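An overview of the molecular structure
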Amino acid sequence: MTRRTTAAIVLAFVAGLLAFDLSASEPPDIYAQPPAIALGSGAVASGAHCASLPTE
């Protein structure tokens, strides 16, 4: 295979994967996101390095 053939196959795969992902998922609700800075709000951090702080 030549470089052009390989690049075309990779681009077709990436385009197909992107099309599948866009059709299978729903867009995020930007108004349902957690606050960027939640000092004193009672919101618990989750899913990031700040959520794995030691508890003891």
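Residues numbered from 1 in each chain as written. Predicted model: local features only at pLDDT ≥ 70, side-chain atom pairs only at ≥ 80, totals over all residues. Heavy atoms only, no water.

1. Some words on the overall build of the protein chain
Along the backbone of the protein chain there are one helix and zero strands. In the form shown here, the protein chain has an accessible surface area of approximately 5600 Å², with 66% of it arising from carbon and sulfur atoms. (Helix = DSSP H or I, 4+ residues; strand = E, 2+ residues; numbered from the N terminus. Areas by Shrake-Rupley, 256 points an atom, 1.4 Å probe, with all protein chains shown as cover.)

2. Points about a nonpolar patch on the surface
There is a patch of nonpolar side chains on the surface, built from Val 10, Phe 13, Val 14, Leu 17 and Phe 20 and spanning about 520 Å² of accessible area. In this structure, Val 10 sits in helix 1 (residues 3-24). Taking the relative accessible area as the measure of exposure, Val 10 reaches 46% and is therefore partly exposed. (Patch = residues over 30% accessible without salt bridge, like charges linked within 9 Å, V, L, I, M, F, W, Y side chains within 5 Å. Salt bridge = Lys/Arg side-chain N within 4 Å of Asp/Glu carboxyl O. Buried < 20%, exposed > 50% of the residue type's maximum accessible area, 1.4 Å probe, protein only.)

3. Some thoughts on the environment of Ser 25
You can see Ser 25 is positioned in the segment after helix 1. From its side chain, Ser 25 meets the backbone oxygen of Asp 21 in a polar contact 2.7 Å long. (Polar contact = N/O pair within 3.5 Å; in protein donor to acceptor, adjacent residues only side chain to side chain.)

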